[in-house]
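One letter stands for each residue in the lines below.
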Amino acid sequence: MNTAPSHVSSLKLDALAMDALSPQERSATQAHLDTCLTCRTRADELASLRRHFTAYVLPRADRLPTRVSPWGHRWRWWAPALALSSAVLLLLALVAIPSVEEPELALKGGAVLQLFAHRGERTWKVEEGEALAAGDQVRFVVEGLGLPYVLVVSVDGAGQVSTYFPFGGTESGLLPSRGLPLEIPGSVVLDSAPGPERLFALFSRKPLSIESVAPALREISAGGADVIRDRTRLPVPAGAQASFLFEKTQP
């Protein structure tokens, strides 16, 4: 029995525009676009959104203040956009575009926290445990099983605790849409703190306060690098959790 070929997800179309696919995936995706009007139309819609972002949203970024985490002096800041290049403009956080196939980053039965990194001319999907360098720009893609709020926090090898989304806030932020992996607006520039860094995305139906999460994070911080690498969940009242570990090296 013949079956209709699967369409390309919106996430993969955006990754293609970011040049974040492997050579094999890029070739296969481009070949599909050459023969599929539906996917070409959606790819054109994404390109139009990137042009709109560049023309109307990005110019406002220069007027936003730079902020430092209230949990300690860190050489990190929250950038509303990385560059004019379409390679760094994931727009799933701005407009939720339905996908006709299950998003590739979604883990069945679990929440998702995925990292994309940018260094020089390169943008790529970060693998669990991969080494990143000081100065790398990192963005987060999340999916919380339909839960409307997310809090993204981290503990690093220097014992620092940071809150990445909402940056500088006191409680969870509202996701712009639900049901698809989507990019959290903004990026983090990594500092030179050595060793591992563990991130947690905490999803909930109601906002979680920083005060309710901080003790568990500080406990991990006090345990050192081994505990940071091993601990994948926090004992907090989140409806769903996702965690991600990366190492930091000198560039």
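These numbers were taken from a predicted model, which means no experiment stands behind them.

Thoughts on the overall build of the protein
Counting its regular elements, the protein contains five helices and 12 strands. Residues counted as buried form 51% of the 251 residues belonging to the protein. In the protein, of all internal contacts separated by at least 6 residues, the share reaching a separation of at least 24 is 77%. When the accessible surface of the protein is split by element, carbon and sulfur atoms take 54% of a total near 12100 Å².

Some details on the packing of aromatic side chains
Overall, the coordinates contain one aromatic pair when judged by the stated rule. Arranged with centres 5.7 Å apart and planes meeting at 25°, the rings of Phe 140 and Tyr 164 form a pair that is stacked. Of this pair, Phe 140 sits in strand S5 (residues 137–143) while Tyr 164 sits in strand S7 (residues 161–165), and the two are 24 residues apart along the sequence. Of the residues examined, Phe 140 reaches a relative accessible area of 3% and is grouped as buried.

Concerning the nonpolar core
Judged by nonpolar contacts, the single largest core of 27 residues is most densely connected at Leu 113, Leu 115, Phe 140, Val 152 and Phe 203. Secondary structure elements with two or more residues in this core: strand S2 (112–119), S5, strand S6 (149–156), S7, strand S11 (195–204) and strand S12 (240–249). The element best represented in this core is S12, accounting for four residues. The next biggest cluster of nonpolar side chains, apart from the first, holds 17 residues, and it includes Phe 200, Leu 202, Ile 228 and Val 236.

Overview of the confidence of the model for the protein
Regions with low pLDDT should not have their predicted coordinates read in detail. When pLDDT is averaged along the protein, the result is 75; 71% of the residues meet or exceed 70. The secondary-structure element of the protein with the lowest mean pLDDT is strand S1 (residues 78–79), recorded at 38, while S11 shows the highest, at 95. Within the model, the stretch residues 56–108 combines pLDDT values under 50 with 143 contacts to residues more than four positions away or in other chains.

What to know about the packing of helix H1 (residues 10–17) against helix H2 (residues 23–35)
Closest axis-to-axis distance for the H1/H2 pair is 11 Å, and the angle between their directions is 115°. Taken together, H1 and H2 sit at an angle that is classed as roughly perpendicular. The two elements H1 and H2 meet at a crossing, and its hand is left-handed. Of the residues in H2, those touching H1 at Lys 12, Leu 13 and Leu 16 are Glu 25, Arg 26, Thr 29, Gln 30 and Leu 33. Class assignment for the residues of the contact of H1 with H2 results in three nonpolar, two polar and three charged.

Observations regarding the pairing of S2
Along S2, seven of the eight residues are buried, which leaves the element largely enclosed by surrounding structure. The hairpin turn running from S2 into strand S3 (residues 122–125), its antiparallel successor, is two residues long, and Gly 120 in that turn takes a positive phi close to 60°.

Rules of the game
Residues numbered from 1 in each chain as written. Predicted model: local features only at pLDDT ≥ 70, side-chain atom pairs only at ≥ 80, totals over all residues. Heavy atoms only, no water. Helix = DSSP H or I, 4+ residues; strand = E, 2+ residues; numbered from the N terminus. Buried < 20%, exposed > 50% of the residue type's maximum accessible area, 1.4 Å probe, protein only. Contact = heavy atoms within 4.5 Å. Areas by Shrake-Rupley, 256 points an atom, 1.4 Å probe, with all protein chains shown as cover. Phe/Tyr/Trp six-rings, centres within 6.5 Å; stacked < 30°, edge-to-face > 60°. Core = buried A, V, L, I, M, F, W, Y, C linked by side-chain atoms within 4.5 Å. pLDDT = per-residue confidence, 0-100. Axes fitted to C-alpha atoms, helices over the stretch in contact; angles between N-to-C directions. Parallel < 35°, antiparallel > 145°, perpendicular 65-115°, else oblique. Left-handed = near helix turned anticlockwise from the far one by under 90°. Nonpolar A, V, L, I, M, F, W, Y, C, P; charged D, E, K, R; others polar. Pairing = 2+ DSSP bridges.

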